[in-house]
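Reading the structure
Take a look at the letters that make up each chain.
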Amino acid sequence: MYHWDFGILWSYRWLFLNGLGVTVGFTVVIVVLGLVFGLFGAFGSLSRFKAVRLVALTFIEAFRCTPILVQLIWFYYALPILAGVEMTPITASALALSLYGGSFYSEIIRGGIVSIDKGQSEAGAALGMTPGQAMRRIVLPQAIKRMIPALMNQSIIQFKNTSLVSVLAVPDLVYQSQVAAHDSYRPLETYTAVAVAYAAILIPLTIIVRRGEKRLAVGE
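Residues numbered from 1 in each chain as written. Predicted model: local features only at pLDDT ≥ 70, side-chain atom pairs only at ≥ 80, totals over all residues. Heavy atoms only, no water.

1. Concerning the overall build of the chain
Scanning the chain from N- to C-terminus turns up nine helices and zero strands. Element order for the chain, N to C, with α for helix and β for strand: α-α-α-α-α-α-α-α-α. Principal-axis analysis of the C-alpha atoms places the extent of the chain at approximately 75 × 50 × 25 Å. In the chain, the share of contacts with a sequence separation of at least 24, taken over all contacts with a separation of at least 6, comes to 74%. (Helix = DSSP H or I, 4+ residues; strand = E, 2+ residues; numbered from the N terminus. Contact = heavy atoms within 4.5 Å.)

2. Notes on helix α2 (residues 50-64)
Taking 1.5 Å of rise per residue, 15 residues should cover 21 Å, and α2 covers 21 Å from first to last C-alpha, within 8% of that figure. The set of residues buried in α2 consists of Ala-56, Phe-59, Ile-60 and Phe-63. The arc that holds every buried residue of α2, seen down its axis, measures 95°, which confines them to one face. Away from the buried face of α2 by more than 90 degrees, exposed residues Lys-50, Ala-51 and Leu-54 are located. (Expected span 1.5 Å × (residues − 1). Buried < 20%, exposed > 50% of the residue type's maximum accessible area, 1.4 Å probe, protein only. Arc of directions from axis to C-beta.)

3. Details of the environment of Arg-210
Structurally, Arg-210 can be placed in helix α9 (residues 187-219). Between the alpha carbons of Arg-210 and Asn-153 there is a distance of 9.5 Å; along the sequence they are 57 residues apart.

4. A closer look at the pattern of salt bridges
By the definition in use, this model includes four salt bridges. The partner of Glu-107 in a salt bridge is Arg-64, and the shortest N-O contact between them spans 3.7 Å. Here the residue Glu-107 occupies a position in helix α5 (residues 89-114), and Arg-64 occupies one in helix α2, the gap between them amounting to 43 residues. Glu-107 gets classed as partly exposed once you look at its relative accessible area, which sits at 23%. For Arg-64, a relative accessible area of 33% puts it in the partly exposed group. A salt bridge links Arg-110 to Glu-107, with the nearest nitrogen and oxygen atoms 3.2 Å apart. Here Arg-110 pairs with Glu-107, and both are found in helix α5, just three residues apart, close to one helical turn. Overlapping salt bridges, with partners in common, bring together Glu-61, Arg-64, Glu-107 and Arg-110 in one network. (Salt bridge = Lys/Arg side-chain N within 4 Å of Asp/Glu carboxyl O.)

5. Overview of the layout of surface pockets
The space that makes up the largest pocket amounts to roughly 470 Å³. Secondary structure elements with two or more residues in the lining of the largest pocket: α5, α6 (118-126) and α7 (131-161). A per-class count over the lining of the largest pocket returns eleven nonpolar, four polar and three charged. Computed from the structure, the second largest pocket encloses a volume of approximately 150 Å³. As for the second largest pocket, its lining consists of Leu-9, Arg-13, Phe-16, Leu-17, Leu-20, Leu-173, Ala-193, Val-194 and Ala-197. At the level of elements, α1 (13-45) and α9 are the ones that each hand at least two residues to the lining of the second largest pocket. A total of four residues in the lining of the second largest pocket trace back to one element, the largest contributor, which is α1. (1 Å grid on protein atoms, 1.4 Å probe; cavity = no way out; pocket = protein on both sides within 12 Å on 5 of 7 lines; lining within 4 Å. Points joined across faces, edges and corners; volume = space filled by probe spheres on them. Nonpolar A, V, L, I, M, F, W, Y, C, P; charged D, E, K, R; others polar.)

Below, the structure is given as structure tokens:
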């Protein structure tokens, strides 16, 4: 019979806290960068210029249709060879996860924009607005309300995706737990504690997102 002993993990508490800090900070970075890439991808896919649409759609489908783990390894090992620039594990991981998330954010933003009735833009044009002004003043304020739940859900997925950066030795929570497990010879307790830590953060966020969806639905 296996004897569980979670008390031994107390001596590794600072290792776990440092890893959790890296995970949370890393998530903030890739979510912000992902939203930036997502905006460019969304507006590019809606462009009236065919070449711009083609570039945007290529970006979206290339990152959505390949596994994120493969992208992480490719960005760290292959891209420096092709570009002739060395990349640290953190830089490669941030770039890969930001572009990967950006491809999904692009579709969320594009879907939110096209969900607004075209009559709204036509009404803005009738009032003398340019297409850009109508987009900023009429379409986007309405579309953002519809995007928020999906954007939040994708951001939660991004938080979970950070667990993969441990394969590049980024000192996130999973990587630090691997160090603790190898040192303590207690992998079951270590990885159980990590799972609980992720759940403790993500379950409240999921509840908040669901409540937000209900409120937005009532508002609609």
